[in-house]
Amino acid sequence: RLRKWQERIRTKDAGERNLQFALSEIDRMASALGVPRSVREVASVIYRRALKEDLIRGRSIEGVATSALYAACRKEGIPRSLEEISEVSRVERKEIGRTYRYISQELGLEMRPVDPKKYVPRFCSELELSEEVQTKANEIIEKTAEKGLLSGKSPTGYAAAAIYAASLLCNEKKTQREVADVAQVTEVTIRNRYQEQIEAMGIHG
Amino acid sequence: MTDPKDTINIENVVASTGIGQELDLQSVAMDLEGADYDPEQFPGLVYRTQNPKSAALIFRSGKIVCTGAKSTDDVHESLRIVFDKLRELQIQVNEDPEIIVQNIVTSADLGRNLNLNAIAIGLGLENIEYEPEQFPGLVYRLDEPEVVALLFGSGKLVITGGKKPVDAEHAVDKIVSRLEDLGLLE
DNA sequence: ATCTTACTTTAGAAAGC
DNA sequence: GCTTTAAAAAGTAAGAT
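Residues numbered from 1 in each chain as written. Chains lettered and ligands numbered in written order. Predicted model: local features only at pLDDT ≥ 70, side-chain atom pairs only at ≥ 80, totals over all residues. Heavy atoms only, no water.

The test is simple: UniProt positions are given in the numbering used here, feature names are shortened, and annotations may be inferred rather than shown by experiment.
Chain B goes by TATA-box-binding protein in an unreviewed UniProt entry, where it is assigned to Natrinema zhouii. UniProt lists a comment for chain B under the heading Function (unreviewed entry), and it reads "General factor that plays a role in the activation of archaeal genes transcribed by RNA polymerase. Binds specifically to the TATA box promoter element which lies close to the position of transcription initiation." UniProt lists a comment for chain B under the heading Sequence similarities (unreviewed entry), and it reads "Belongs to the TBP family."

### Side note on the pattern of salt bridges
Condition: Here, a salt bridge means any Lys or Arg side-chain nitrogen found within 4 Å of an Asp or Glu carboxyl oxygen. Numbering of helices and strands runs from the N terminus, with a helix taken as a DSSP run of H or I at least four residues long and a strand as a DSSP run of E at least two residues long. Each residue is assigned to one of three classes by its accessible area relative to the maximum for its type, calculated with a 1.4 Å probe on protein chains only: buried under 20%, partly exposed between the two thresholds, exposed over 50%.
If you walk through the whole model with that rule in mind, you get 25 salt bridges over all chains. Lys153 of chain A is the partner of Glu196 of chain A in a salt bridge, and the nearest nitrogen-oxygen pair spans 3.7 Å. Of the two residues, Glu196 of chain A is situated in helix α10 (residues 187-201) and Lys153 of chain A in the loop between α7 (131-146) and α8 (155-169); the sequence distance between them amounts to 43 residues. Judged by relative accessible area, which is 27%, Glu196 of chain A ranks as partly exposed. Between Lys5 of chain B and Asp3 of chain B there is a salt bridge, with its nearest N and O atoms 3.1 Å apart. Judged by its relative accessible area of 30%, Asp3 of chain B is partly exposed. Sharing partners across several salt bridges, the network here consists of Glu25, Arg28, Glu62 and Arg90 of chain A.

### Some points on the protein's contact with DNA strand C
Put simply, the test is: Here a residue counts as near a molecule or strand whenever at least one of its heavy atoms sits within 4 Å of it. Any pair of nitrogen or oxygen atoms within 3.5 Å is treated as a polar contact; in protein, a donor-acceptor pairing is required on top of that, and neighbouring residues in sequence qualify only through side-chain atoms on both sides. Gly is put with the polar residues, along with every residue not named as nonpolar or charged; the nonpolar set is Ala, Val, Leu, Ile, Met, Phe, Trp, Tyr, Cys and Pro, and the charged set is Asp, Glu, Lys and Arg.
In the neighbourhood of DNA strand C, 23 residues make up the surrounding shell, with Lys94 of chain A together with Val14, Arg60, Ser61 and Arg141 of chain B lying closest. For DNA strand C, the fraction of atoms within 4 Å of the protein that belong to sugar or phosphate moieties is 65%. Contact distances for DNA strand C include 3.2 Å between a phosphate oxygen and a side-chain N or O atom of Arg98 of chain A. Here a base nitrogen of DNA strand C and a side-chain polar atom of Thr160 of chain B are 3.1 Å apart. Elements that contribute at least two residues to the surface near DNA strand C include exactly α5 (93-106) of chain A together with β4 (63-69), β5 (100-109), β8 (148-151) and β9 (156-162) of chain B. Taken together, the residues of the surface near DNA strand C break down into 10 nonpolar, 6 polar and 7 charged.

### Quick word on the interface of chain A and chain B
Applied cut-off: It only takes one pair of heavy atoms within 4.5 Å for two residues to be counted as in contact. As used here, buried area is the combined drop in accessible area, with a 1.4 Å probe, of two parts when they are placed together.
Opposite the 21 residues of chain A that make contact, chain B presents 16 residues. Of the roughly 1600 Å² buried between chain A and chain B, counting both surfaces, carbon and sulfur atoms make up 46%. Measuring nitrogen to oxygen at the nearest pair gives 3.5 Å for the salt bridge that ties Arg101 of chain A to Glu129 of chain B. Summed over the shared surface of chain A and chain B, the number is 9 residue pairs in polar contact (both at pLDDT 80 or more). The biggest single contributor to the side of chain A that touches chain B is α5 of chain A, with 6 residues. Here the residues of the side of chain A that touches chain B sort into 7 nonpolar, 6 polar and 8 charged.

### What to know about the environment of Gly62 of chain B
Residue and element names in this part refer to chain B. Note on placement: Gly62 falls in the loop between β3 (54-58) and β4. Put simply, Gly62 and Ala118 are 56 residues apart on the chain and 49 Å apart in space, counted from C-alpha to C-alpha. When near neighbours in sequence (up to four residues on either side) are disregarded, Gly62 contacts Thr17, Gly18, Ile19, Gln21 and Leu23.

Printed below as a string of structure tokens:
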């Protein structure tokens, strides 16, 4: 009886230690990504819910913590791509994506697809592009997405192409390589999306 | 307009069966030309047929999985070939082993581009999975028939998980009517 | 810059780790 | 959970030319 009691405490302590580890990891990754405190709070709420619903069984604590942070960034409207998230996590991109889809489904997060426009401010500031370019890029995304061009395309590649196009139209040209680097997509992807967007906008460069 | 049902094409059929006899895969691998067997990597021996094209996974228990066939008839034809090959090796094979179709993969075309963002919200975010950063298709699980459909921006789709060819037809009908009700198929 | 190859997702069975 | 098989959809990526 006394032994059972000790076991319970031991289990409770272990669980508590795991939770603390997960939360400190979320904090560490959030700091590395430079996201606001609100995102860390949303991420820890998601993690605790996943823990309560027993979704961690068969998965790594680190994987669930990373996925919770990825989901939190999106929920808060300041998405980080899986590529960016995986750079501050020790879990590989593919696993983060899988775990995210799992907890998202199980917790009924009902996440909306990422809006490419959400990447525009951050990517543009990293490229030191003006407000005018941002506005133009948003306009391109808005109009071409309305025409159905966005279906199935990656939000980062889509945003990158619009930014590249906008930089040309506003005479603040950035090379495809420069934009590709901040968005972490290939030049080929920018080229392909750019071509479609320009066509749909009826523009010629 | 062409009925999307008429664009349905079976791309792959997975079936299981058994010869009712245990096998020594090591010797089968030696005698059967073209057989791939690496027990360290996978417990089944892989044997490919050319006409019709398919791959058979043969296990020590005598159970066999056939995949890659384009129709249920092709599954039977492929397995007939596999059974005969085994008989040539002096292995006893039951007369007419029961062949169970486990999964049918189908492709189809709705003939119209799809706005996957609108469909995701229209069908209900809780019922679908759409993560274009990870995969370009929208994943839609149906209850009746119990299949999974992958919808693409081009209007093409893949239906998998069905056990009968008609499952795909019913699935396409339901998807079309649901999208029409939502006004997303115009 | 374009081509080729390859990987992402879905389902299902098999035997074993 | 993973391993292996095959096949489609379309996007993305990497390496070669």
